[in-house]
Amino acid sequence: MINFTTAAAISTTLLAGLAWAGPGLAQDKVLRIGINAPEIKTLDPHRASSTAEKGPMGWVFNGLVRFPPGSADPKELEPDLAESWTTSDDGTEWIFKLKQGVKFHGEWGELTAADVVYSLERAKDPERSSFAAAYEAFETIEAVDDHTVRIVLAHPVPGFLGLVSNYHGGNIVSKAAAEEGGDDFGRQPVGTGPFAFQRYDTQQQVVFVANDDYFRGAPKIDEISYRLIQADASRELAFTSGELDMIYGKREQRWIDRWNREDTAKVDVFWPAEYRTLHLNTTMEPLTDKRVREAVARAINVDEIASFVGEEVGPKGCSVVPSGYLGEDCSAWTYAYDPEAAKSLLAEAGFENGVTIKSVVSSNNAQLPIMEVIQAQLAQSGITLDMQVVDHPTYHEMSRNDLSGATFYGAARFPIADTYLTEFYHSDAIVDKPTAITNFSHCDVADEAIDAAKVEGDPDKQLAHWSEAQRLIHEQICAVPLFNLRQVWLRNAKLDYGYELEGEMNLAPRITELTDLIE
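Rules used throughout
- Residues numbered from 1 in each chain as written.
- Predicted model: local features only at pLDDT ≥ 70, side-chain atom pairs only at ≥ 80, totals over all residues.
- Heavy atoms only, no water.
- Disulfide = S-S within 2.5 Å.
- Helix = DSSP H or I, 4+ residues; strand = E, 2+ residues; numbered from the N terminus.
- Buried < 20%, exposed > 50% of the residue type's maximum accessible area, 1.4 Å probe, protein only.
- 1 Å grid on protein atoms, 1.4 Å probe; cavity = no way out; pocket = protein on both sides within 12 Å on 5 of 7 lines; lining within 4 Å.
- Points joined across faces, edges and corners; volume = space filled by probe spheres on them.
- Nonpolar A, V, L, I, M, F, W, Y, C, P; charged D, E, K, R; others polar.
- Patch = residues over 30% accessible without salt bridge, like charges linked within 9 Å, V, L, I, M, F, W, Y side chains within 5 Å.
- Areas by Shrake-Rupley, 256 points an atom, 1.4 Å probe, with all protein chains shown as cover.
- Salt bridge = Lys/Arg side-chain N within 4 Å of Asp/Glu carboxyl O.
- Lys, Arg positive; Asp, Glu negative; His and termini not counted.
- Charge placed at Lys NZ, Arg CZ, Asp CG, Glu CD.
- Axes fitted to C-alpha atoms, helices over the stretch in contact; angles between N-to-C directions.
- Parallel < 35°, antiparallel > 145°, perpendicular 65-115°, else oblique.
- Contact = heavy atoms within 4.5 Å.
- Core = buried A, V, L, I, M, F, W, Y, C linked by side-chain atoms within 4.5 Å.
- Arc of directions from axis to C-beta.
- Polar contact = N/O pair within 3.5 Å; in protein donor to acceptor, adjacent residues only side chain to side chain.
- Pairing = 2+ DSSP bridges.
- Phe/Tyr/Trp six-rings, centres within 6.5 Å; stacked < 30°, edge-to-face > 60°.

Asks: Before we move on, can you summarise the state of the cysteines with the specific residues and values?
Replies: All chains considered together, the criterion is met by two disulfides. C318 shares a disulfide with C330; S-S distance 1.6 Å. Every disulfide takes its handedness from the sign of the S-S torsion; for C318 and C330 that torsion is -40°, giving left-handed. Of this pair, C318 sits in the loop between α10 (302-309) and α11 (339-348) while C330 sits in the loop between α10 and α11, and the two are 12 residues apart along the sequence. A residue is classified by how much of its surface remains accessible, and C318, at 17% relative accessible area, is buried. On the basis of relative accessibility, which here comes to 44%, the residue C330 falls in the partly exposed class. There is a disulfide in this structure between C443 and C478, and the S-S distance comes to 2.1 Å. Looking along the S-S bond of the C443-C478 disulfide, the torsion reads about 65°, which is the right-handed sense. Within this pair, whereas C443 is found in the loop between α14 (417-425) and α15 (447-455), its partner C478 is found in the loop between α16 (459-476) and β17 (479-492), the two being separated by 35 residues in sequence.

Here it is, written out as structure tokens:
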């Protein structure tokens, strides 16, 4: 039985804020995790896009293949719900053999090919998925028999296995549960993972319980209490007092260094980074003038920002494609920091007395401090950044409603150039469109190159198309690339993940059947 409860707003005091937080009496081991979010909007794996929503996806769902626990390297993908697969010579037909006897949570039965077909059809449907653009080449998805799935592609797809992995649209849901849940499936998700959703106490916590029928074995942890504590100080105090076993950390070098000196705690800094970029809305005055956009680019001192964040946690980027992605091109496509040149560009554009640019900014600790640094830098060149600071969910809503001139955004995607270029710089992804994803800049100059790369079978030619797309986006100054912000979490030294953590595509340490709290 799925239970939903609505609780009164959490008090600003720590005592009231954590009054509900004691571990359940029926379980021996309750893992208490604190995340910096005021609420969870969805736990639908085909919709979950915020950091707070993505983490639990790795606990609840599986893909046909998976990134091994602790890895975000596509070269290490291994079988998950599929036990084996084959592909045609041209890479357009894939056949997956499913493991037998895998059970969905609760009373939703065993996994069959019908669930896989339903899930991937759902993932490619823009009405039901935020990641549909990545699945456009999926021409047919069919069940050959109860445990065999055939996928036919319109053309070879770069990084195809990533699209059927335990990440974003590749997560497999129960067809019966999703059809019965309809629009409410995100509030009652059903997967095959080591932990099952139990309930969401609104704006307080999400509770997950061990899936004793998990096909890799019953988890050592009995319950996860995923607590919504937005204030950094409250989360950290709760960890220090022993109220929490693991928390979302502050992505600041000084904070990391301080906690690294504590014997009772461990700091995890891992990949992938969320690539921080300042997107410039080319349809909003005064940013419609390319000279103003170049002035913004030249007024921002990226080296100073990277130094402020810290070398370990925030290495500098060089292109609109994140560092380390297949297809990233660092061909000196940057605008050198030059505040005097920025002033001259503004004067040339008719703004001798400066300009004002509106920006919707999240109060999140990973965003607001950086935007305050950028605000101060821009001011030195006569650019006033008028920041409307709102909570993180409101920031997402307003940005997607095309209400921001300069949008600071960070995201981690499957690490090939196509994913980032498609979601942030293809015209189909422009916000406020029916096909919208996260093109906040209204960039439309690189569509041809992005599309050509999608269908190019020659790897070298594909790289050339991606390179051309990056060059065009740079010349149009659709965005200012900033830095890579790696993931930072803090845990009790007694918490053993059961693996070495180097990366996690869902941005939170994966809690597996092997994770344990050592007494």
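Asks: Go over empty space enclosed by the protein with me, naming the residues and quoting the values.
Replies: If you walk through the whole model with that rule in mind, you get four cavities of 30 Å³ or more. Along its surface, the largest cavity is lined by F131, A134, Y135, G162, L163, Y167, H168, G169, R413, F414, T419 and E423. Elements that contribute at least two residues to the lining of the largest cavity include exactly α5 (160-163) and α14. Looking at the lining of the largest cavity, its residues break down into six nonpolar, four polar and two charged. By volume, the second largest cavity is sized at about 80 Å³.

Asks: A description of a negative patch on the surface should follow, citing residues and the corresponding values.
Replies: Judged by side-chain charge, E76, D496, E500 and E502 come together as a negatively charged surface patch. With respect to the helices, strands and loops of the structure, E502 is situated in the loop between β18 (495-496) and β19 (516-517). Residue classification places E502 among the exposed positions, given a relative accessible area of 60%.

Asks: So what's going on with the pattern of salt bridges? Residues and values would help.
Replies: When the charged atoms of two side chains with opposite charge come close together, those side chains can pair. Under the defined criterion, the tally for this structure stands at 26 salt bridges. Across the pair K316 and D303 runs a salt bridge, and its minimum N-O distance is 2.9 Å. Taken as a pair, K316 in the loop between α10 and α11 and D303 in helix α10 lie far apart in primary sequence, 13 residues in all. Ionic pairing is found between E423 and R413, a salt bridge with its closest N-O pair at 2.6 Å.

Asks: Could you give me a rundown of the packing of helix α7 (residues 232-240) against helix α8 (residues 253-260), with the residues and numbers involved?
Replies: One can describe the packing of α7 onto α8 by two numbers: an axis separation of 14 Å at closest approach and a directional angle of 5°. Relative to α8, the element α7 is oriented roughly parallel. Along its contact with α7, which presents E236, F239 and T240, the element α8 presents W255, R258 and W259. Of the residues contributing to the contact of α7 with α8, the split by class is three nonpolar, one polar and two charged.

Asks: Before we move on, could you go through the nonpolar core and cite the residues and values that matter?
Replies: Ranked by size, the top nonpolar core spans 125 residues in total, and within it L278 and I374 carry the most contacts. In terms of residues, this core owes the most to one element, β17, which gives seven residues. For I374, the contacting residues outside a window of four places in its chain are L278, I300, I305, L385, F408 and L482. Counting 27 residues, the second-largest nonpolar core is a separate cluster that includes V390, A417, Y420 and I450.

Asks: Talk me through α10; I want residue IDs and the actual numbers.
Replies: Turning to α10, its buried residues number three or more, namely V302, I305, A306 and V309. Buried residues of α10 fall within an arc of 100° about the axis and therefore sit on the same side. Next to the buried residues of α10 lie α8, α12 (368-379) and β17. One side-chain oxygen at the N-terminal end of α10 lies 3.3 Å from the backbone nitrogen of D303; it belongs to N301. Two residues or fewer past α10, G310 is found with a positive phi of approximately 120°.

Asks: Mind laying out the pairing of strand β10 (residues 205-210), listing which residues take part and the relevant values?
Replies: Residues in a regular strand project their side chains so that they alternate between the two faces of the sheet. With six of its six residues buried, β10 lies for the most part within the structure. Bridge count between strand β9 (residues 195-201) and β10: six bridges; the pairing is antiparallel. Note on β10: the bridge partner recorded for F197 is F208. Counting the residues in the hairpin turn of β9 and β10 gives three residues, including Q203, whose phi is positive at 60°. The pairing of β10 with strand β11 (residues 223-228) spans five bridges and is classified as antiparallel. Across the sheet, V206 pairs through a bridge with Y226, a residue of β11.

Asks: Explain the sheet that holds strand β5 (residues 82-87) to me, and be specific about the residues and the numbers.
Replies: The antiparallel open sheet is built from four strands, whose spatial order is β5-β6-β8-β7. Both edges of this open sheet fall to β5 and β7 (138-145), since each of them pairs with a single strand only. Averaged over all adjacent pairs, the angle separating strand axes in this sheet is 20°, with direction ignored. Along the sheet, helix α4 (residues 113-123) makes contact with β6 (93-98), β7 and β8 (148-153), crossing β7 at roughly 170°.

Asks: Describe α8, with residues and values.
Replies: Listing the buried residues of α8 in full gives Q253, W255, I256 and W259. Buried residues of α8, seen end-on, are gathered within an arc of 160° and therefore sit on one face of the element.

Asks: With reference to specific residues and values, describe the packing of aromatic side chains.
Replies: Centre-to-centre distance and the angle between the planes together describe a pair of aromatic rings. All told, the structure shown has 21 aromatic pairs when counted by the stated rule. With a centroid separation of 6.2 Å and an interplanar angle of 50°, the aromatic rings of W255 and W259 are classed as tilted. Within this pair, W255 and its partner W259 are both found in helix α8, separated by four residues, close to a single helical turn. The exposure class assigned to W259 is buried, which follows from its relative accessible area of 7%. Between Y497 and Y499, the aromatic rings sit 5.6 Å apart at their centres with planes inclined by 20°, giving stacked as the arrangement. Judged by relative accessible area, Y497 falls into the buried class, the value being 1%. Given a relative accessible area of 14%, Y499 falls into the buried group.

Treat this as a map of the structure, not an account of what it does.
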